Amino acid sequence: MNVRHSGIGMTSQRTRSRMIERLRSQGIQDEVVLEAISAVPRHIFVDEALASRAYDDVSLPIGHAQTISQPYIVARMIELLRNGGQLNRVLEVGTGCGYQAAVLGQLAFEVYSVERIQPLFKRASISLKEIQARNVILSYADGTMGRPDVAPFNGIIMAAAATHVPRALLEQLALGGRMILPLGTQEQFLTLIERDEQGFHESRLEAVKFVPILTGKA
Ligand code: SAH
């Protein structure tokens, strides 16, 4: 048996169930999202030295000055993105360690995730292969350009904070689609953008704290 899957207590189903109960008490209601989170082994995505904290409600360092988002934020963003419906094709900007992409892979038909830091992209590819997330397709590029080759998307999620909504991403949002991103400079707010025949509708939600989006590859 692979060491990283072995029965050290922190990886047990009980530890994961506790995380799900905590998310429920924090207000996450979408059972499909809770089920997806409970299906993904979060410790696979963090450094072995931090594995004992993988199921705590904290963000953890993943190297290169980046972090894996705390479970509550991952759950909240996906709950907002899904809005109780079926997600077909989803774009994530900022793969990081690949955890959120893996959760998205549980409830969407296809997930395209883009990362600009090559070692993170490589490490995420290995982790996603390990959990056999076959419908999650990664690429190493500047994600603010989106993936015009496979657009449009029913859902777009940005895992790093932007000061404005990248135009390319708006163009790649399908009619009836939803985009969720942390937006702002000094203060950031989770922002929902919905697209319909009339155009784009923006709603400002709770205050959040994300690493900034950067342009170009690294
Ligand atoms: N969803 C991630 C959280 C990643 S943190 C997880 O589950 O671990 C934000 C990530 O966005 C970082 O890895 C950072 O390198 C990446 N990022 C920042 N700007 C980017 C850009 N322009 N294109 C692609 N990725 C970007």
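Details of the structure are given in the entry above.
To keep things clear, this report deals only with the structure shown in the data block.

**Quick notes on the overall build of the protein chain**
What the protein chain contains, in helices and strands, is 6 helices and 9 strands. Taken along its principal axes, the extent of the C-alpha atoms in the protein chain is 50 × 35 × 35 Å. Buried residues in the protein chain amount to 53% of all 218 residues. Summarising the internal contacts of the protein chain: among those between residues at least 6 apart in sequence, 55% fall at separations of at least 24. Of the charged side chains in the protein chain, 23 are positive and 22 negative; the average position of the first set lies 5 Å away from that of the second.

**Here's the deal with unusual backbone geometry**
Across residues other than glycine, the phi torsion is negative in most instances, and most of the peptide bonds are trans. Note that the residue after A151, namely P152, is joined by a cis bond; omega there is 5°. Within the element layout of this structure, P152 appears in the loop between β5 (136–140) and β6 (153–158). Residues other than glycine seldom take positive phi values, yet H64 does so here, at roughly 55°. Structurally, H64 is set in the loop between β1 (60–63) and β2 (66–68). In this model, Q132 sits at a positive phi of 55°, which is unusual for a non-glycine residue. Among the secondary structure elements, Q132 is positioned in the loop between α5 (118–130) and β5. The exposure class assigned to Q132 is exposed, which follows from its relative accessible area of 53%.

**Remarks on the sheet that holds strand β8 (residues 188–196)**
In space, the 7 strands of this open sheet follow the order β5-β4-β3-β6-β7-β8-β9, with mixed pairing throughout. Every interior strand has two partners, whereas the edge strands, β5 and β9 (199–208), have only one. Across the sheet, the mean angle separating the axes of adjacent strands is 15° when strand polarity is ignored. The pairing of strand β3 (residues 87–93) with strand β4 (residues 108–115) spans 6 bridges and is classified as parallel. Paired with L87 across the strands is A108, a residue of β4. Seen against the sheet, helix α3 (residues 71–82) touches β3, β6, β7 (173–183), β8 and β9 and runs at an angle of roughly 155° to β7. Together, β4 and β5 form the strand contacts of α5, whose direction differs from that of β5 by roughly 160°.

Definitions and cut-offs
Residues numbered from 1 in each chain as written. Predicted model: local features only at pLDDT ≥ 70, side-chain atom pairs only at ≥ 80, totals over all residues. Heavy atoms only, no water. Helix = DSSP H or I, 4+ residues; strand = E, 2+ residues; numbered from the N terminus. Buried < 20%, exposed > 50% of the residue type's maximum accessible area, 1.4 Å probe, protein only. Contact = heavy atoms within 4.5 Å. Lys, Arg positive; Asp, Glu negative; His and termini not counted. Charge placed at Lys NZ, Arg CZ, Asp CG, Glu CD. Pairing = 2+ DSSP bridges. Axes fitted to C-alpha atoms, helices over the stretch in contact; angles between N-to-C directions.

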